[in-house]
Amino acid sequence: MVTKFQKRVYEKLQQVPKGKVTTYKELAKAVKSKAYRAVGTAMKKNPFAPKVPCHRVINSDGYVGNYTAPGGINKKIELLRKEGVIVQNHYIDLNKYLYIF
DNA sequence: CTCGTGACTTACG
DNA sequence: ACGTAAGCCACGA
């Protein structure tokens, strides 16, 4: 099922424009919560894909993180590059691509 | 209700 | 700088 918490997260995530990314931390902050891990769990579920761009969510350091969908982490990077995001060795330049709500 | 798990973060040695 | 441990929250069994 889709919990209220997840809805909030997905809604915020949809605000991230193409060519930009956000971090689990920022996303959690955006929903006034510190459930960084729960955010990750929500992405894993992602009942609204591809409506919800879960591939635009990365770790606070710029590391792409994980990705359970078919294709794995590699696919995630592909998608990001297609959107114009430069990804190097699983890392993204937050100063250029981090989207702040 | 309690326990275990995870697409995380921060602190410490 | 790097690896490990602890802290965190939400969710399913």
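Described below are features of the structure shown in this document. Note that the structure is a prediction, hence the values are computed from the model and not measured. (Residues numbered from 1 in each chain as written. Chains lettered and ligands numbered in written order. Predicted model: local features only at pLDDT ≥ 70, side-chain atom pairs only at ≥ 80, totals over all residues. Heavy atoms only, no water.)

1. Observations regarding helix α1 (residues 4-13)
Argument step 1. For α1, every residue scored as buried is listed here: Phe5, Gln6, Val9, Tyr10 and Leu13. Taken down its axis, α1 places every buried residue within 130° of arc, on the same side. In α1, the exposed positions that point more than 90 degrees away from the buried face belong to Lys4 and Glu11.
Argument step 2. Of the surrounding elements, those touching the buried residues of α1 are β1 (22-23), α2 (24-30), α3 (36-45) and β2 (57-58). (Buried < 20%, exposed > 50% of the residue type's maximum accessible area, 1.4 Å probe, protein only. Helix = DSSP H or I, 4+ residues; strand = E, 2+ residues; numbered from the N terminus. Arc of directions from axis to C-beta. Contact = heavy atoms within 4.5 Å.)

2. Focus: the protein's contact with DNA strand C
Argument step 1. In the region of DNA strand C, the neighbouring residues are Thr3, Phe5, Ala35, Arg37, Ala38 and Lys45.
Argument step 2. In DNA strand C, atoms within 4 Å of the protein come 70% from sugar and phosphate.
Argument step 3. One nitrogen or oxygen atom from the side chain of Arg37 is found 2.8 Å from a base oxygen belonging to DNA strand C.
Argument step 4. Lys45 is positioned such that a nitrogen or oxygen atom in its side chain is 3.1 Å from a phosphate oxygen of DNA strand C.
Argument step 5. Sorting elements by how many residues they give to the surface near DNA strand C places α3 first, with three residues.
Argument step 6. Partitioned by chemical class, the residues of the surface near DNA strand C number three nonpolar, one polar and two charged. (Near = heavy atom within 4 Å. Polar contact = N/O pair within 3.5 Å; in protein donor to acceptor, adjacent residues only side chain to side chain. Nonpolar A, V, L, I, M, F, W, Y, C, P; charged D, E, K, R; others polar.)

3. Some details on the protein's contact with DNA strand B
Argument step 1. The full set close to DNA strand B counts 16 residues, and Lys25, Arg37, Lys44, Ser60 and Asn66 are the nearest of them.
Argument step 2. Counting only atoms of DNA strand B within 4 Å of the protein, the sugar-phosphate share comes to 43%.
Argument step 3. Between a base nitrogen of DNA strand B and a main-chain N or O atom of Asn66, the distance comes to 3.2 Å.
Argument step 4. Those elements that provide at least two residues to the surface near DNA strand B are α2 and α3.
Argument step 5. Examining the composition of the surface near DNA strand B, we find that seven residues originate from one element, α3, more than from any other.
Argument step 6. Tallied by class, the residues present in the surface near DNA strand B amount to six nonpolar, six polar and four charged.

Everything listed here is a matter of geometry and, on its own, says nothing about what the molecule does.
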